[in-house]
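The residues making up each chain are set out below.
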Amino acid sequence: MNNLFTELENQNKQIPLAETLRPKTLEEFLGQSNVISGNSPLLNLLKTNRLFSLILWGTPGCGKTTLARLIATKTQAQFIEISAVTSGVKDIKDAVEAAKNALRSGQKTILFIDEIHRYSKTQQDALLPHLENGTLFLIGSTTENPSFQVVPALLSRVQVIRLNSIDDRSMREIIKKGFSYLAKHYLPMDCENGAIDFIINLARGDARYALNVVENAYFASPLKDNRRNLTVNTIEEICQKRNTRYSQQEHYDCASAFQKSLRGSDPDAAIYYLAKMIVAGEDPRFIARRLITCAAEDVGNADPNAFNLAVNAYKAVELLGLPEGRIPLAQAVIYVAKAPKSNKTVCAIDAAIADIESGKDFPPPMHLRDAHYKDAQKYGFGVGYKYSHDAPDEYQQFLPNELVGKRYV
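Structural notes, computed from the coordinates. All of these numbers come straight from a predicted model, not from anything done at the bench.

One open sheet holds the 5 strands; their spatial order is 2-3-4-1-5, and the pairing between them is parallel. At either margin of the open sheet sits one strand with a lone partner, and together these are strand 2 (78–83) and strand 5 (159–162). Shown here is a sheet whose adjacent strand axes are inclined to one another by a mean of 20°, direction ignored. The pairing of strand 1 (residues 54–57) with strand 5 spans 4 bridges and is parallel.

Below, the structure is given as structure tokens:
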């Protein structure tokens with residue numbers, strides 16, 4: 001009965017084009033020549049039929065799941081696929097039992113965990129003994145930097161492979177393959193010039209998204225003489241607005257690029273990264289804090305007004321919110337980027353901190369010590385101090401005795 005229901009379910013499924021066209025061999029796998037090429041280390045390892053545990057890190061739609069399946073096919077390994085969103089320790093235990101059964105017949109097992117960064121520390125730790133003793137091999141996929149999301153014990157047992165977003169040349173080939181498949185299995189089509197380029201620009205390296213657009217745009221296109229007539233306008237109406245890709249890694253990368261652009265006096269780049277963070281939904285107060293830091297650290301006293309403007313931009317953002325807050329933020333960003341630069345302030349304080357932390361932790365001279373309480377002078381505290389306003393031209397030592405002559409500024 002279960003087999004009958006399963007068969008009926010499969011018959012009635014509408015398989016997405018992206019799944020239908022998923023590569024069946026490594027030779028068909030596009031867009032990752034840095035990982036899969038004629039003489040790449042990964043391909044050479046697979047040719048020896050040796051397996052190893054790895055984590056595939058890359059943006060959505062770059063081929064992580066596909067590559068994992070192709071590795072299993074190439075090595076003739078049992079492939080068990082689970083998602084970290086819906087699975088737990090019990091699923092890992094079930095996979096281990098299946099792997100032990102496969103080993104008895106001489107077959108190795110790959111456990112593929114999609115979105116592995118969503119596993120808790122306990123769930124990740126549950127994998128360790130089975131990787132250690134070779135019961136199974138792990139392939140994890142993640143859109144987040146494994147250094148932030150995967151426990152060190154697991155990271156030490158796997159290789160991390162970074163996959164790039166699909167390049168435009170490969171994306172064009174993937175899109176053409178999608179249209180060719182639809183035209184062959186349904187109705188022929190005419191494609192307006194620029195439509196493929198438009199999809200490439202929309203997809204931004206995400207092959208799954210591109211093929212979804214291809215499929216939806218094809219079936220949404222009007223019929224003319226029993227042919228589909230695909231236009232850029234149809235694609236625009238279907239897609240409307242593409243969300244900005246913005247993972248945790250890109251949060252850090254954009255913040256870094258933003259601050260370095262401010263420091264490097266490039267207002268155009270700084271405005272671009274400001275816009276990218278705003279569109280991605282970044283907390284504008286976080287952006288303003290980065291701006292204040294740069295105004296103090298990189299502009300400093302070369303133009304003290306930069307700091308004032310940055311602080312006021314933060315206050316304005318709190319008062320206005322978005323979208324209005326983007327304007328004072330942009331105003332302050334342009335000002336800080338164009339301002340003259342000096343890092344003497346941060347260098348001075350860091351040098352003084354370094355001296356103190358290295359052992360140069362000396363007390364103030366006796367004449368500078370607090371003398372407001374009874375018996376202070378009996379100990380020599382405050383004796384000989386000259387009120388600077390009364391004796392502006394007289395020399396007075398302020399640094400500790402051991403650091404006389406030291407320059408921080």
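Before going further, it helps to spend a moment on unusual backbone geometry. Between leucine 322 and the following residue, proline 323, the backbone shows a cis peptide bond with an omega angle of 10°. The residue proline 323 is located in the loop between helix 17 (305–320) and helix 18 (326–338) in this model. At arginine 204, a residue that is not glycine, the phi angle is positive and equals roughly 50°. Mapped onto the secondary structure, arginine 204 falls in the loop between helix 11 (195–203) and helix 12 (207–220). In this structure, asparagine 226 is a non-glycine residue whose phi angle is positive, near 60°.

Attention now moves to the state of the cysteines. All chains considered together, the criterion is met by 0 disulfides. Cysteine 254 forms no disulfide, and the closest cysteine sulfur to it belongs to cysteine 294, at a distance of 16 Å. We classify cysteine 254 as buried; its relative accessible area is 6%. With no disulfide of its own, cysteine 294 lies 14 Å from the sulfur of cysteine 347, the closest cysteine sulfur. For cysteine 294, a relative accessible area of 0% gives the class buried.

Rules and cut-offs
All residue numbers refer to position in the chain's written sequence, counted from 1. Selection of residues for local features in this predicted model requires a pLDDT of at least 70, selection of side-chain atom pairs for listing and counting requires 80 or more, and totals for whole chains, interfaces and linings are taken over all residues. Side-chain numbers come from the whole structure's heavy atoms, not from hydrogens or water. Should DSSP find at least two bridges between two strands, the strands are taken to pair. What counts as a helix is a DSSP run of H or I of at least four residues, what counts as a strand is a run of E of at least two, and both are numbered from the N terminus. Only the contacting stretch of a helix is used when fitting its axis, a line to C-alpha atoms as for every element, and angles between N-to-C directions run 0 to 180 degrees. We call a pair of cysteine sulfur atoms a disulfide when they lie within 2.5 Å. To sort residues, take the accessible area from a 1.4 Å probe on protein chains only and compare it with the maximum for the residue type: under 20% means buried, over 50% means exposed, and anything in between is partly exposed.

By themselves, these are just geometric observations and shouldn't be taken as functional.
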